[in-house]
Every structure is written in C-alpha cells, then in structure tokens.
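Analysis of the macromolecular model
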Amino acid sequence: NAGVTQTPKFRILKIGQSMTLQCTQDMNHNYMYWYRQDPGMGLKLIYYSVGAGITDKGEVPNGYNVSRSTTEDFPLRLELAAPSQTSVYFCASSYGQGIDEKLFFGSGTQLSVL
Amino acid sequence: AQTVTQSQPEMSVQEAETVTLSCTYDTSESDYYLFWYKQPPSRQMILVIRQEAYKQQNATENRFSVNFQKAAKSFSLKISDSQLGDAAMYFCAYRSAGGLGSNYQLIWGAGTKLIIKP
C-alpha cells in the first residue's frame, strides 16, 4: 500500500498564481482532510470530506477550494496565492470512529508564496 | 472553543533517561479524546498514544505513558528510556467525542521539539 500520497513535495509560487496540491489514497477511506501547518503552530484544518461528492469547510478555508469526485482523490486548489498561504500542507485520510479513528498522513507539501 | 497549549517549545534529554512533555487544554465538554502525535524530520505524523476522557486509567504504550488529570485539564506524555529515534516534534491534540460537523476537527497544540542527546 502506498498510503496517502501528496504531490508536489515542494513548490514556490508567485503572488497571484494558482496551483493544485494533489492528494490520493489507496486505502478506500471515506474521510479525507487538508491541514496546514505554520511554523510554531499546530495543524489547522482547511477542508474535509466524508465521502465522494461531499466536502465541508474546516477552520481556515479562505483562499482554498477542494473537490472530491472519487474516493481516492482529494485535491486542494489555491487561487490567487498570497504570502499568508506560505505553509506546509498535509493531506490525511482516516477510518474508524471516535477513539478508534486512525489517521494516515501524507508527507506534506512545503509551499512558499513570494 | 477548545484550545490546546504546549508550553514547552523545546525539550532535551539524555539518551536512556526519562522526559515529560506537558500539554494542557481548555474545554467545557465532559467527553473527548486526547492524542499525542510524533512528527519526525520526514514530516510523517505518527500516533503515539491516545486517551479517552471518561477512562481514569492512564494510557500506556511500551515506553510511552500519559498522566491524564481531567480536573486540571492536563495531559502530559512521559517517554522512558529515551532513544535517538524519539527525536521529533511532539503534538498534543484534542477531539470531541460525539456529534458531527466541527467534531471532525482535531484541535492541535503548537508542538514541542524533543532533542535526544547521545
């Protein structure tokens, strides 16, 4: 199993550019998440999805969009990149409920907006 | 809103010794879950240990154990016999036990960087 795969691992964007961070998982998990991690801070939830065709906003959704057309893929779209979006982005998927929920994280995308 | 605070940005410990990482949280809920995650330089997030709030017994996983003080809203992680491979960022996280919507959110602390001295 590949688990959760994120691409690219690193990216530099100019202000105003757009890009899509790719995330795919091969574990048939219904729940998927996008987080951002700023230096010295914990993870913040951007968007999440409970299944194909269903997405919802997390704590910090502004400036981002997502789609979930398949169970496997959960891309994150940045429109009009801003320096405030410089961060490390993590995609995750999970199965199980409550205390038994198991989260699987990708290895992250380091994004710099200059 | 719930918050999670890790007051130690960095801790260091001699190899084979014991270290305790602190975590406090704020919530008005009575039922919730608490987690410790490890993030090594590879950036992978690895679950270390978890605790259900209604269980008074402290969770233990091999060399890792917690001291859960519900009334004090404290959830510290003790690592015994520290090993070089334990060097990483450690994150404390909180999650509500029931419901939908925002309960999909794990609330994360800012992390503690653990350095192991050989």
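See above for the structure.
What you see is a predicted model; the values in this text were computed from it and never measured.

So, on to the state of the cysteines. Inspection of every chain in the model, using the stated rule, returns two disulfides over all chains. The partner cysteine of Cys23 of chain A in its disulfide is Cys91 of chain A, sulfur to sulfur 1.8 Å. Across the S-S bond of Cys23 of chain A and Cys91 of chain A the torsion is about -70°, and the bridge reads as left-handed. Here Cys23 of chain A, found in strand S3 (residues 19-25), pairs with Cys91 of chain A, found in strand S9 (residues 87-95); they are 68 residues apart in sequence, far enough to count as distant. Comparing Cys23 of chain A with Cys91 of chain A, the two get one shared label, buried. Across the disulfide from Cys23 of chain B sits Cys92 of chain B; the S-S distance is 2.0 Å. Measuring the twist about the S-S bond at about -70°, one finds the Cys23 of chain B-Cys92 of chain B disulfide to be left-handed. Of this pair, Cys23 of chain B sits in the loop between strand S3 (19-21) and strand S4 (24-26) while Cys92 of chain B is found in strand S10 (residues 88-96), placing the two residues 69 residues apart along the sequence. A single burial state applies to Cys23 of chain B and to Cys92 of chain B, both of which are buried.

In this section: unusual backbone geometry. The peptide bond linking Thr7 of chain A to Pro8 of chain A adopts the cis configuration, its omega dihedral lying at -5°. On the secondary structure map, Pro8 of chain A appears in the loop between strand S1 (4-7) and strand S2 (10-13). Non-glycine residue Leu80 of chain A carries a positive phi angle of around 55°. Mapped onto the elements of the fold, Leu80 of chain A is located in the loop between strand S8 (76-78) and S9. According to the relative accessible area criterion, Leu80 of chain A is exposed, its value standing at 64%. The backbone phi angle of Ala16 of chain B is positive, close to 80°, even though this residue is not glycine. Position of Ala16 of chain B among the secondary structure elements: in the loop between strand S2 (10-14) and S3.

Residue and element names in this part refer to chain B. Tracing the chain through its elements places Ser76 in strand S9 (residues 74-79). Looking at Ser76, the relative accessible area reads 11%, which means it is buried. For Ser76, the residues in contact, after removing those within four places along its chain, are Thr20, Leu21, Ser22, Cys23, Trp36, Ser65, Val66 and Asn67.

Once that is clear, we can look at the sheet that holds S1 of chain A. Residue and element names in this part refer to chain A. Strand order in the open sheet formed by four strands is S1-S3-S8-S7, with antiparallel pairing between adjacent strands. Both edges of this open sheet fall to S1 and strand S7 (64-66), since each of them pairs with a single strand only. Each adjacent strand pair in this sheet contributes to an overall mean axis angle of 20°, direction not counted. In this structure, S1 lies alongside S3, joined through four bridges in antiparallel fashion.

Turning our eyes to something else, we now look at the environment of Phe64 of chain B. Residue and element names in this part refer to chain B. Relative to the helices and strands, Phe64 resides in strand S8 (residues 64-69). For Phe64, a relative accessible area of 13% puts it in the buried group. In this structure, the C-alpha to C-alpha distance between Phe64 and Ile49, residues 15 residues apart in sequence, is 7.4 Å.

Reading the values: rules and limits
Residues numbered from 1 in each chain as written. Chains lettered and ligands numbered in written order. Predicted model: local features only at pLDDT ≥ 70, side-chain atom pairs only at ≥ 80, totals over all residues. Heavy atoms only, no water. Disulfide = S-S within 2.5 Å. Helix = DSSP H or I, 4+ residues; strand = E, 2+ residues; numbered from the N terminus. Buried < 20%, exposed > 50% of the residue type's maximum accessible area, 1.4 Å probe, protein only. Contact = heavy atoms within 4.5 Å. Pairing = 2+ DSSP bridges. Axes fitted to C-alpha atoms, helices over the stretch in contact; angles between N-to-C directions.

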